[in-house]
Amino acid sequence: MRWLWTPAWIARHVAMVVLVVGFLGLGWWQISRATAGNSLSWGYAVEWPVFAGFVVYVWWREVKLARRRAQGDAGADPSEVPAVEPAPADAPGSRPAVRRPVRVARVPTSAAGAEDADLAAYNHYLSWLNANPGARPGDYPG
């Protein structure tokens, strides 16, 4: 448990305590405002303690993860740990890695010469706007 008292962990503990006390204080302040008649503060009075709970959750999770790492690294010598090879892709029960997307041949829906009338008009409008950069869309003659 000495690893919990390194300077980095002491800073994390202090930050957690400061944040929790601050968030609970802000929640209490919002409760006092809500009882004074500010109805919007009821939502904030619930929100600040939730933030404090989230800070405690993240701190607890980090402590658990660090404890697991410390227990796992304590008796392991890197030269004695066998290398773990990934299972081959064709092994039963294994899932394949990311595969390439399937390419599908596209068949044109209509002849190349025939265009949609609306599409042709829109393309003409865009080319006119490009040819007349200072013009407004309402100036279009077509």
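Refer to the structure printed above.
Rules behind the numbers
- Residues numbered from 1 in each chain as written.
- Predicted model: local features only at pLDDT ≥ 70, side-chain atom pairs only at ≥ 80, totals over all residues.
- Heavy atoms only, no water.
- Helix = DSSP H or I, 4+ residues; strand = E, 2+ residues; numbered from the N terminus.
- Contact = heavy atoms within 4.5 Å.
- Areas by Shrake-Rupley, 256 points an atom, 1.4 Å probe, with all protein chains shown as cover.
- Expected span 1.5 Å × (residues − 1).
- Buried < 20%, exposed > 50% of the residue type's maximum accessible area, 1.4 Å probe, protein only.
- Phe/Tyr/Trp six-rings, centres within 6.5 Å; stacked < 30°, edge-to-face > 60°.
- Patch = residues over 30% accessible without salt bridge, like charges linked within 9 Å, V, L, I, M, F, W, Y side chains within 5 Å.
- Salt bridge = Lys/Arg side-chain N within 4 Å of Asp/Glu carboxyl O.

Asks: Explain the overall build of the protein to me, and be specific about the residues and the numbers.
Replies: When helices and strands are counted, the protein shows 3 helices and 0 strands. If you list the helices and strands of the protein from N to C, you get α-α-α. Pairs at least 24 apart in sequence give 45% of the contacts found in the protein among residues at least 6 apart. Accessible surface, the protein as shown: approximately 12200 Å² in total, 63% of it carbon and sulfur.

Asks: Please give an account of helix α1 (residues 7-35) that cites residues and values.
Replies: If you check α1, its first and last C-alpha atoms are 42 Å apart, about what 29 residues at 1.5 Å a residue would give, namely 42 Å. Those residues of α1 that sit buried are W9, H13, M16, V20, F23, G27, Q30 and A34. One or two positions beyond α1, positive phi appears at G37, with a value near 120°.

Asks: For the packing of aromatic side chains, give the residues involved together with the corresponding values.
Replies: For the structure on display, the rule yields 6 aromatic pairs. When the centroid spacing of 4.9 Å and the interplanar angle of 80° are considered together, the rings of Y125 and Y140 count as edge-to-face. With Y125 in helix α3 (residues 117-131) and Y140 in the segment after α3, this residue pair connects regions lying 15 residues apart in the sequence. Y140 sits in the partly exposed class, given a relative accessible area of 22%. Between W128 and Y140 the ring centres are 5.3 Å apart and the planes differ by 70°, which places this aromatic pair in the edge-to-face class.

Asks: Explain a nonpolar patch on the surface to me, using residue names and the numbers behind them.
Replies: A contiguous nonpolar patch, built from W5, I10, V14 and V18 and spanning about 420 Å² of accessible area, is present on the exposed surface. With respect to the helices and strands, the residue W5 is situated in the segment before α1. Since its relative accessible area comes to 60%, W5 is described here as exposed.

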